[in-house]
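Per-entry structural report
As a plain string of letters, each chain reads:
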Amino acid sequence: MRFDVFTLFPEVFPAYLETSILKRAQENKLLEVRLHDIRDWASDKHRTTDDTPYGGGGGMVMKPEPIFRAVDEILGIPPGCPLILLTPQGETFTQQKASAYSKLPQLAMICGRYEGFDERIRQHLATQEVSIGDYVLSGGELPALVVIEAVTRLIPGALGDPGGASDDSFSSGLLEYPQYTRPPVFQGWDVPEVLQAGDHGAIERWRRNQALLRTLQKRPDLLLGVELSKADLDFLAQAVQGSEIALPDPIIKLIQNRKERS
Ligand SMILES: C[S@@+](CC[C@H](N)C(=O)[O-])C[C@H]1O[C@@H](n2cnc3c(N)ncnc32)[C@H](O)[C@@H]1O
């Protein structure tokens with residue numbers, strides 16, 4: 001998969017891109033990242049890419065001409081692949097979005113700086129707007145790396161272990177179950193018996209139940225987007241009995257409907 005990143009600070013990318021999974025993915029030709037310095041498309045000798053806002057106010061705004069020229073030369077206009085404007089005003093980046101992007105051959109991103117972009121870039125150039133969360137950073141470079149890394153993990157072959165990402169939080173809609181490694185006892189705290197006994201069916205059920213429990217405790221909203229089996233509903237009904245944890249109303253209804261039917 002190829003990423004094209006338009007940025008005023010291409011120099012911040014290499015250290016991260018040349019490390020671990022992203023480095024290996026590039027070596028294995030699964031990932032290619034092309035960095036484009038927007039200043040290369042400025043037209044004056046000072047390589048100006050920003051200007052003061054119409055209407056006054058503090059800060060600077062990224063000018064449209066260098067960005068339009070850069071995109072035209074690299075991708076064409078309209079762009080030959082999805083072109084994401086990174087902005088706190090965009091749709092929130094999620095694992096589902098990462099999964100959809102990982103199936104594309106090419107994706108491009110524009111990193112903002114200062115007060116952000118001239119509105120015409122958003123209206124007439126970008127094909128979508130993405131935010132990495134409800135907070136404001138000084139630039140789009142970290143968001144671009146976040147997108148590249150989350151997407152690359154989902155490209156088949158990019159992780160050493162082929163099943164590595166499938167149990168990750170959000171992949172199945174649930175948070176991931178607790179993980180343990182050696183030693184079996186650390187400072188008096190045991191690894192659960194079931195994980196040491198080697199019964200794969202029992203381990204799978206335990207993991208599913210723990211993922212359900214974790215999600216219920218930390219992110220009950222996520223349970224509403226997950227297909228829950230009879231065994232899942234039985235487990236959740238039992239887990240909340242006598243505890244302070246409340247199930248979301250739609251899940252209570254599912255459990256009640258199931259009881260009425262049986
Ligand atoms: C200081 S921010 C500009 C924020 C803008 N004035 C606003 O209120 O929407 C500068 C740039 O950082 C990037 N940025 C900041 N926070 C971001 C976020 N949560 N997600 C994606 N990009 C972000 C964007 O590219 C943005 O243009």
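Residues numbered from 1 in each chain as written. Predicted model: local features only at pLDDT ≥ 70, side-chain atom pairs only at ≥ 80, totals over all residues. Heavy atoms only, no water.

**Examining the pairing of strand β6 (residues 106–110)**
Across the five residues of β6, five count as buried, placing the element largely inside the fold. A two-sided burial pattern is seen for β6, the buried positions comprising Q106, A108 and I110 on one face and L107 and M109 on the other. Alignment of strand β1 (residues 2–7) against β6, held across five bridges, turns out to be parallel. Bridge pairing links F6 to I110 in β6. Direction of pairing for strand β5 (residues 83–92) relative to β6: parallel, over a ladder of three bridges. Bridge assignment links L85 to a residue of β6, and that residue is I110. (Buried < 20%, exposed > 50% of the residue type's maximum accessible area, 1.4 Å probe, protein only. Helix = DSSP H or I, 4+ residues; strand = E, 2+ residues; numbered from the N terminus. Pairing = 2+ DSSP bridges.)

**Description of the side chain of E141**
Locating E141 in the fold gives a position in helix α6 (residues 141–152). Filtering out sequence-adjacent residues up to four positions away, E141 remains in contact with T7, L8, F9, V12, F13, C111, G112 and R113. (Contact = heavy atoms within 4.5 Å.)

**A short note on the sheet that holds strand β7 (residues 128–131)**
The parallel open sheet is built from five strands, whose spatial order is β2-β1-β6-β5-β7. Where the open sheet ends on each side, the last strands, each with one partner, are β2 (32–37) and β7. Across the sheet, the axes of successive neighbouring strands diverge by a mean angle of 35 degrees, strand direction being ignored. Those strands touched by α6 are β1, β2, β5 and β6, and its axis lies near 175 degrees from that of β1. (Axes fitted to C-alpha atoms, helices over the stretch in contact; angles between N-to-C directions.)

**Remarks on the environment of A158**
Here A158 is to be found in the loop between α6 and β8 (185–186). A C-alpha to C-alpha distance of 24 Å links A158 and E11, two positions 147 residues apart in sequence. Here A158 is in contact with I21, R24, L30 and T152, once residues within four sequence places are set aside.

**A few points about the domain arrangement of the protein chain**
The domain boundaries assigned to the protein chain delineate domain 1 (2–152) and domain 2 (185–261). Distance from the C-alpha centre of domain 1 to the C-alpha centre of domain 2: 40 Å. (Domains from an automatic or database assignment.)

**Details of the nonpolar core**
Within the largest apolar cluster, 26 residues are counted, with the highest numbers of intra-cluster contacts made by F3, M109, V147 and I148. Elements represented by at least two residues in this core include exactly β1, α2 (20–27), β5, α4 (95–102), β6 and α6. If one sorts the elements of this core by residue count, α6 sits on top with six residues. For M109, the residues in contact, after removing those within four places along its chain, are F3, D4, V5, F6, L83, I84, L86, A144, V147 and I148. M62, I67, L85 and F117 belong to the second-largest nonpolar core, a separate cluster that totals 18 residues. (Core = buried A, V, L, I, M, F, W, Y, C linked by side-chain atoms within 4.5 Å.)

**Concerning a nonpolar patch on the surface**
Together, Y135, L137 and L142 line one region of the surface with nonpolar side chains, adding up to about 300 Å² of accessible area. Assignment of secondary structure puts L137 in the loop between β7 and α6. What makes L137 partly exposed here is its relative accessible area of 37%. (Patch = residues over 30% accessible without salt bridge, like charges linked within 9 Å, V, L, I, M, F, W, Y side chains within 5 Å. Areas by Shrake-Rupley, 256 points an atom, 1.4 Å probe, with all protein chains shown as cover. Salt bridge = Lys/Arg side-chain N within 4 Å of Asp/Glu carboxyl O.)

**Observations concerning the site of the ligand**
Contacts to the ligand come from 21 residues, most closely from L86, Q89, G112, E115 and Y135. Within the backbone of L86, one N or O atom sits 2.6 Å away from an oxygen atom of the ligand. Within the contact set of the ligand, a nitrogen atom lies 3.4 Å away from a backbone nitrogen or oxygen of T87. Out of a free accessible area of 580 Å², the ligand has 86% covered by protein chains. The set of elements that each furnish at least two residues to the shell around the ligand consists of β5 and β7. With four residues, the single largest contributor to the shell around the ligand is β5. (Near = heavy atom within 4 Å. Polar contact = N/O pair within 3.5 Å; in protein donor to acceptor, adjacent residues only side chain to side chain.)

**A short note on the packing of aromatic side chains**
As enumerated under the stated definition, the model contains two aromatic pairs in all. Judged by centre distance (6.2 Å) and plane angle (15 degrees), the ring pair of F93 and Y101 falls under stacked. (Phe/Tyr/Trp six-rings, centres within 6.5 Å; stacked < 30°, edge-to-face > 60°.)

**Re the pattern of salt bridges**
Close approach of charged atoms allows side chains with opposite charge to pair. Considering all chains together, one arrives at 17 salt bridges under this definition. We note a salt bridge from K23 to E27, for which the minimum N-O separation is 3.7 Å. Taken together, the positions of K23 and E27, both in helix α2 and four residues apart, correspond to about one turn of that helix. As a salt-bridge pair, D232 and R205 come within 3.0 Å of each other at their nearest N and O atoms. Placement of the pair is D232 in helix α10 (residues 230–240) and R205 in helix α8 (residues 200–218), with a sequence separation of 27 residues. One network of salt bridges, with partners in common, ties together D37, D40 and R47.

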